Amino acid sequence: MTDLYEMPELPELIGMFEALGADDAVGWAESEAEENIPQLARFRFLRMVWQDIDAWSAAAPGWVEAYRADGPAGAAVERALRLGLTPAELGEMAREIARDTAFGLLQGLAGPADGDLPPGTEARLPSWCLAELSPEGRPTGRVLDALHEDLDEVEPQGPTGGIA
């Protein structure tokens, strides 16, 4: 059962996007208001994804030391450091791997069929979606679809990203 979600007015929506750090707060808000696309929920979710991606470069010195001490890739990290890579360089590599992984997961969320199963089996399997909830926690009936399409648009700018 869908609950009618009372969307904020355009100026309030713009303010929410600005508070979340959107470069084009007006564009995102107008899209939500005019097209009934859950852009605020999409932006908030993708912002969270980028915070996790950026943590790999921003927190590189910490995780590099932790992995060296007792991590699943400790030997590889140690070899990389001995070969002259810095924690910052390892962090940038890890960030790109995390970005590619996030993109793949978001793309799979939009369309789980990847062609590795027979078509008859693929057609009978369940899929999934990410749905918006109202501030009170009730379903709004709006789905956050094709999130992979906006992942790069939400990417923070600057040497280590920049999302707070």
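Here, every reference points to the structure presented above.
Read on for an overview of the structure.

Rules behind the numbers
Residues numbered from 1 in each chain as written. Predicted model: local features only at pLDDT ≥ 70, side-chain atom pairs only at ≥ 80, totals over all residues. Heavy atoms only, no water. Phe/Tyr/Trp six-rings, centres within 6.5 Å; stacked < 30°, edge-to-face > 60°. Helix = DSSP H or I, 4+ residues; strand = E, 2+ residues; numbered from the N terminus. Buried < 20%, exposed > 50% of the residue type's maximum accessible area, 1.4 Å probe, protein only. Core = buried A, V, L, I, M, F, W, Y, C linked by side-chain atoms within 4.5 Å. Contact = heavy atoms within 4.5 Å. Salt bridge = Lys/Arg side-chain N within 4 Å of Asp/Glu carboxyl O.

What about the packing of aromatic side chains?
Link 1 in the chain: The tally for this structure, following the rule as stated, stands at five aromatic pairs.
Link 2 in the chain: Between Phe 17 and Phe 43, the ring centres sit 5.9 Å apart and the planes meet at 75°, which makes this aromatic pair edge-to-face. Taken together, the residues span a long stretch of sequence, with Phe 17 in helix H1 (residues 10-19) and Phe 43 in helix H3 (residues 39-58) at a distance of 26 residues. Considered together, Phe 17 and Phe 43 belong to a single accessibility category, that of buried residues.
Link 3 in the chain: Among the aromatic residues, those joined into a cluster by ring pairs are Phe 17, Trp 28 and Phe 43.

Considering the nonpolar core
Link 1 in the chain: Counting 21 residues, the largest nonpolar core has Phe 17 and Leu 151 as its most contacted members.
Link 2 in the chain: Of all the secondary-structure elements, those providing two or more residues to this core are H1, helix H2 (25-35), H3 and helix H6 (87-110).
Link 3 in the chain: Setting aside anything within four residues of it in sequence, one finds Leu 151 in contact with Leu 46, Val 49, Trp 50, Arg 99, Ala 102, Phe 103 and Leu 106.
Link 4 in the chain: One finds Ala 60, Val 64, Val 77 and Ala 94 within the second-largest nonpolar core, a separate group that totals eight residues.

Some points on the pattern of salt bridges
Link 1 in the chain: Counted under the stated rule, the structure contains 11 salt bridges.
Link 2 in the chain: Residue Glu 155 pairs with Arg 95 through a salt bridge whose shortest N-O separation is 3.1 Å. A residue pair is termed long-range when its members are at least 10 positions apart, and Glu 155 in the segment after strand E2 (139-144) and Arg 95 in helix H6 qualify at 60 residues.
Link 3 in the chain: According to the relative accessible area criterion, Arg 95 is buried, its value standing at 6%.
Link 4 in the chain: Put simply, Arg 142 and Glu 132 hold a salt bridge, and the shortest N to O gap is 2.7 Å. Here Arg 142, found in strand E2, pairs with Glu 132, found in strand E1 (residues 130-133); they are 10 residues apart in sequence, far enough to count as distant.
Link 5 in the chain: In this structure Arg 142 comes out as buried when scored by relative accessible area, which is 9%.
Link 6 in the chain: On the basis of relative accessible area, Glu 132 is assigned to the buried category, the value being 5%.
Link 7 in the chain: Several salt bridges converge on common partners, so that one network encompasses Asp 54, Arg 95, Glu 96 and Glu 155.

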